[in-house]
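# Structural overview
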Amino acid sequence: MSWLWTTEDMIAAMAGRPFGTLPEGITGISIDSRSISPGEAFFAIKGDRVDGHDYASMAMANGASLLVVSEARLPAMGRLTVPMIVVEDVLAALGRLGQASRARSRAKIVAVTGSVGKTTTKEMLRHVLSPSGKVHASVASFNNHWGVPLTLARMPDDTDYGVFEVGMNHPGEIRPLVAMIRPHVAVITTIAPAHLGNFKNIKEIAAAKAEVFEGLEPGGHVVLNRDNDQFNFLDRTAQSLGIEHIHSFGQHAKAEFRLAEFNGADENSTLWLTIGGDTLEVAIGAPGRHIAENALAALGVVRIVGADIEKAIAALATLKPEKGRGKRHRLSIGSGSFTLIDESYNANPASMRAAIALLAAAEPTGRGRRIAVLGDMLEMGEYSQKVHTDLAGPLLAAGIEHVWLAGADMAALRESLPESVHVEYREKTSELTDYVLNSVVPGDVLMVKSSLGIGFGKIVAALLDKFPAFSDTQREL
Ligand SMILES: Nc1ncnc2c1ncn2[C@@H]1O[C@H](COP(=O)(O)OP(=O)(O)OP(=O)(O)O)[C@@H](O)[C@H]1O
Ligand SMILES: [Mg+2]
């Protein structure tokens, strides 16, 4: 049996107190009692809403092989006779196990941060590095004070490439996370207004992202977006920290991983990447210039860590956009079909623009329309009204004639669109859902996007529920 951790190593790493008859080792780690697999350890973490200690019995019932719990909560948990490792603080113990994992690892470690595109780039790296070795990467957007230690602690000791998403919504958040990760390569995808409500300005956001440099391994590499306004600031900051290997990607003539040309199609794209004097043609199985930009960064990392670039490029052709991040559905309606572009995962001004460009590049058929179904961008603080009204520019430039809106902040966008645009506005997501379900017609292309908290995932779910998938064998009449 190959264990993720032997119990002995876990106890040593976490300075824990063993209790009951412990198994020899664990096969995995979970912090969610509902999705735990048999043989895994359950760490009873206290989250924003729930305390894992309240779910300890459920975790055991679902197959947990041992529990990691806190000394203070032990009395309140009743007379449990299950195998446990008791620690002072469960989250801190997970962090210590994460650090032990990093210490035992021989993997090349990559940290990905940025205002948008972290998950997309991280998943791309998982995909393109896999042909070169064993990859371990964060699940979903597990990028915060529990997501990072969890991902580290879960890293098998025979990992060749570890890819970590690192996020933040306030200054000082990245520093301790990257200190645990100790990356050989740190990527900043781009700097854009996200969580702007917590910052004075964009420079402050860039400074907070630059904390990622501080945890870099000696002799490590940073990868920066040369086309971003904050490039010079980030470059200077990295230099001032004595970092010698500063790489850049983008369209800029001086970018090391340079986008020589981009050819976007409806459902895929091709880019020409100039790297070290060679120009390579790269087919990507997903549309959008923003995806191509993420791909430049990912291929740059492949080059830096010495993985196989040819195999990485071949892998990009089979990349598919993910749920909530550009995933496409062709759905039956009457005797025809329409296209749904699911961008519902999250939204800020940068990702809204990228998604509007995706919609602009999509082709409606027959009497179909390009329709932007947009909800509020949250956490914009005093800039909120401005960032919403400012979407009028990209929508008009892209020639989008149908804009369906919901949410308090989107009222500002409604006011700033000219009469030539057909605007529907509803206060609530549920009201807009009803309108969308009843108003879509064959040939339409709908792009659905809002901040996570606004819940436009419900609009996507309602469309998928009402309209069955259209299969290519069906004939459009
Ligand atoms: N390089 C990019 N530039 C602009 N927009 C992008 C870029 N990459 C992805 N996006 C857009 O941002 C959205 C979110 O992408 P992704 O999930 O990769 O970001 P993230 O940084 O992981 O976000 P979060 O902070 O919520 O975890 C996507 O749906 C897409 O519209
Ligand atoms: Mg993410």
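The name recorded for the protein chain in an unreviewed UniProt entry is UDP-N-acetylmuramoyl-tripeptide--D-alanyl-D-alanine ligase, from Rhizobium aethiopicum. In UniProt, the protein chain has this text filed under Subcellular location (unreviewed entry): "Cytoplasm".

## Considering a nonpolar patch on the surface
A cluster of nonpolar side chains, contributed by Val50, Tyr55 and Met58, occupies part of the molecular surface with about 240 Å² of accessible area. Tracing the backbone through its elements, the reader meets Met58 in helix 2 (residues 56-61). By relative accessible area, which is 37% here, Met58 ends up partly exposed.

## Quick notes on the coordination of the magnesium ion (ligand 2)
In the first shell of the magnesium ion (ligand 2), the protein supplies Thr119 (OG1), Ser141 (OG) and Glu165 (OE), at 2.1 to 2.2 Å from the metal. Coordination of the magnesium ion (ligand 2) draws on donor residues from a single chain, spaced T-x21-S-x23-E in sequence. With Ser141 in the loop between strand 9 (135-137) and helix 5 (147-153) and Glu165 in strand 10 (residues 161-165), this residue pair connects regions lying 24 residues apart in the sequence. A residue is classified by how much of its surface remains accessible, and Ser141, at 22% relative accessible area, is partly exposed. Relative accessible area serves as the criterion here: at 1%, Glu165 is assigned to the buried category.

## A short note on the site of ligand 1
Looking at ligand 1, there are 20 residues lining it, with Lys118, Thr119, Thr120, Arg325 and Glu343 nearest. Measuring from an oxygen atom of ligand 1, one finds a side-chain N or O atom of Glu165 at 3.2 Å. Between ligand 1 and the protein, one listed contact pairs an oxygen atom with a side-chain N or O atom of Tyr345 at 2.9 Å. Relative to its unbound accessible area of 640 Å², ligand 1 is 91% covered by the protein chains. Only helix 4 (118-129), helix 10 (289-305) and helix 12 (349-361) provide two or more residues apiece to the shell around ligand 1. The class makeup of the residues in the shell around ligand 1 is four nonpolar, 11 polar and five charged. Viewed by domain, the shell around ligand 1 spans two of them, domain 2 (105-316) and domain 3 (327-466), each represented by three or more residues.

## What to know about the sheet that holds strand 16 (residues 278-284)
The strand order across the open sheet formed by nine strands is 9-10-8-11-12-13-14-15-16, and the pairing between neighbours is mixed. This sheet does not close on itself; its edge strands, each paired only once, are strand 9 and strand 16. Strand-to-strand twist across the sheet, computed as the mean angle between neighbouring axes with direction ignored, equals 20°. Packed on one face of the sheet, helix 10 meets strand 8 (108-113), strand 10, strand 11 (185-188), strand 12 (221-225), strand 13 (245-250), strand 14 (257-264), strand 15 (269-275) and strand 16 and runs near 145° to strand 14.

## Remarks on the packing of aromatic side chains
Considering all chains together, one arrives at three aromatic pairs under this definition. Where Phe338 meets Phe467, the ring centres are 5.2 Å apart and the plane angle is 90°; that geometry is what we call edge-to-face. On the criterion of sequence distance, the pair formed by Phe338 in strand 18 (residues 336-342) and Phe467 in the segment after helix 17 (457-466) is long-range, its members being 129 residues apart. By relative accessible area, which is 7% here, Phe467 ends up buried. Centre to centre, the rings of Trp404 and Tyr435 are 5.0 Å apart; their planes meet at 80°, and the pair counts as edge-to-face. With a gap of 31 residues between them, Trp404 in strand 20 (residues 402-406) and Tyr435 in helix 16 (residues 429-439) connect regions that are remote in the sequence. Note that Arg325 overlies the ring of Tyr345, its terminal NZ or CZ placed 4.0 Å from the centroid. The ring centre of Tyr425 lies 4.3 Å from the NZ or CZ of Arg414, which sits over that ring.

## Here's the deal with the pairing of strand 15
Burial runs high along strand 15: six of the seven residues are buried. Two elements, strand 14 and strand 15, share seven bridges in a ladder whose sense is antiparallel. Pairing of Phe262 across the sheet is with Leu271, part of strand 15. As judged from the seven bridges shared by strand 15 and strand 16, these two strands associate in the antiparallel manner. Counted as the bridge partner of Leu273 is Leu280 from strand 16. Connecting strand 15 to the antiparallel partner strand 16 that follows it, the hairpin turn spans two residues, and Gly276 within it adopts a positive phi of roughly 55°.

## Comments concerning the UniProt feature "domain: Mur ligase N-terminal catalytic" (unreviewed entry) in the protein chain
Under the local residue numbering, the UniProt record ascribes the feature "domain: Mur ligase N-terminal catalytic" (unreviewed entry) to residues 26-100. The distance from the first to the last C-alpha atom of residues 26-100 is 15 Å, and the span holds 23% helix and 23% strand.

## Observations regarding the packing of helix 16 against helix 17
The packing of two helices is summarised by the inter-axis angle and the distance between the axes. For the pair helix 16 and helix 17, the least separation of the axes is 10 Å and the interaxial angle reads 35°. Along this stretch, helix 16 crosses helix 17, giving a crossing that reads as right-handed. Together, Thr429, Leu432, Thr433, Val436, Leu437 and Asn438 of helix 16 and Lys458, Ile459, Ala462, Leu463 and Lys466 of helix 17 make up the contact between the two elements. Of the residues in the contact of helix 16 with helix 17, the class split is six nonpolar, three polar and two charged.

## Topic: the UniProt feature "binding site: ATP" (unreviewed entry) in the protein chain
The UniProt feature table records "binding site: ATP" (unreviewed entry) at Gly114, Ser115, Val116, Gly117, Lys118, Thr119 and Thr120. Positionally, Val116 belongs in the loop between strand 8 and helix 4. In this view, Val116 contacts Thr189, Thr190, Asn348, Ala350 and Ser351; residues no more than four positions away in its chain are not counted. The topology assignment puts Gly117 in the loop between strand 8 and helix 4. In this view, Gly117 contacts Thr189 and Asn294; residues no more than four positions away in its chain are not counted.

## Things to note about the nonpolar core
Formed by 60 residues in total, the largest nonpolar core has its most connected members in Phe213, Leu234, Leu374, Leu395 and Leu413. Per-domain counts for this core show at least three residues from each of domain 2 (105-316) and domain 3 (327-466). For Leu234, the contacting residues outside a window of four places in its chain are Ile188, Ile191, Ala206, Ala210, Phe213 and Leu224. Counting 41 residues, the second largest nonpolar core, distinct from the first, contains Leu273, Ile284, Ile309 and Ala312.

## A short note on the sheet that holds strand 2 (residues 17-19)
The mixed open sheet is built from five strands, whose spatial order is 2-7-6-5-4. Either end of the sheet is taken by a strand with one partner, and the two such strands are strand 2 and strand 4 (28-30). Adjacent strand axes in the sheet meet at a mean angle of 25°, parallel and antiparallel pairs treated alike. Taken together, the three bridges between strand 5 (residues 40-43) and strand 6 (residues 66-70) define a ladder with parallel strand orientation. Directly across from Ala41, in strand 6, lies its bridge partner Leu66. Here helix 1 (residues 7-14) sits on the sheet and contacts strand 2, strand 5, strand 6 and strand 7 (84-87); the angle it forms with strand 7, its principal contact strand, is near 10°.

Reading the values: the criteria
Residues numbered from 1 in each chain as written. Chains lettered and ligands numbered in written order. Predicted model: local features only at pLDDT ≥ 70, side-chain atom pairs only at ≥ 80, totals over all residues. Heavy atoms only, no water. UniProt positions renumbered as here; feature names shortened; annotations may be inferred. Patch = residues over 30% accessible without salt bridge, like charges linked within 9 Å, V, L, I, M, F, W, Y side chains within 5 Å. Areas by Shrake-Rupley, 256 points an atom, 1.4 Å probe, with all protein chains shown as cover. Salt bridge = Lys/Arg side-chain N within 4 Å of Asp/Glu carboxyl O. Helix = DSSP H or I, 4+ residues; strand = E, 2+ residues; numbered from the N terminus. Buried < 20%, exposed > 50% of the residue type's maximum accessible area, 1.4 Å probe, protein only. Donors = N, O, S within 2.8 Å, 3.2 Å for Na, K, Ca; no water. Near = heavy atom within 4 Å. Polar contact = N/O pair within 3.5 Å; in protein donor to acceptor, adjacent residues only side chain to side chain. Nonpolar A, V, L, I, M, F, W, Y, C, P; charged D, E, K, R; others polar. Domains from an automatic or database assignment. Pairing = 2+ DSSP bridges. Axes fitted to C-alpha atoms, helices over the stretch in contact; angles between N-to-C directions. Contact = heavy atoms within 4.5 Å. Phe/Tyr/Trp six-rings, centres within 6.5 Å; stacked < 30°, edge-to-face > 60°. Lys NZ or Arg CZ within 6 Å of the ring centre and 35° of its normal. Left-handed = near helix turned anticlockwise from the far one by under 90°. Core = buried A, V, L, I, M, F, W, Y, C linked by side-chain atoms within 4.5 Å.

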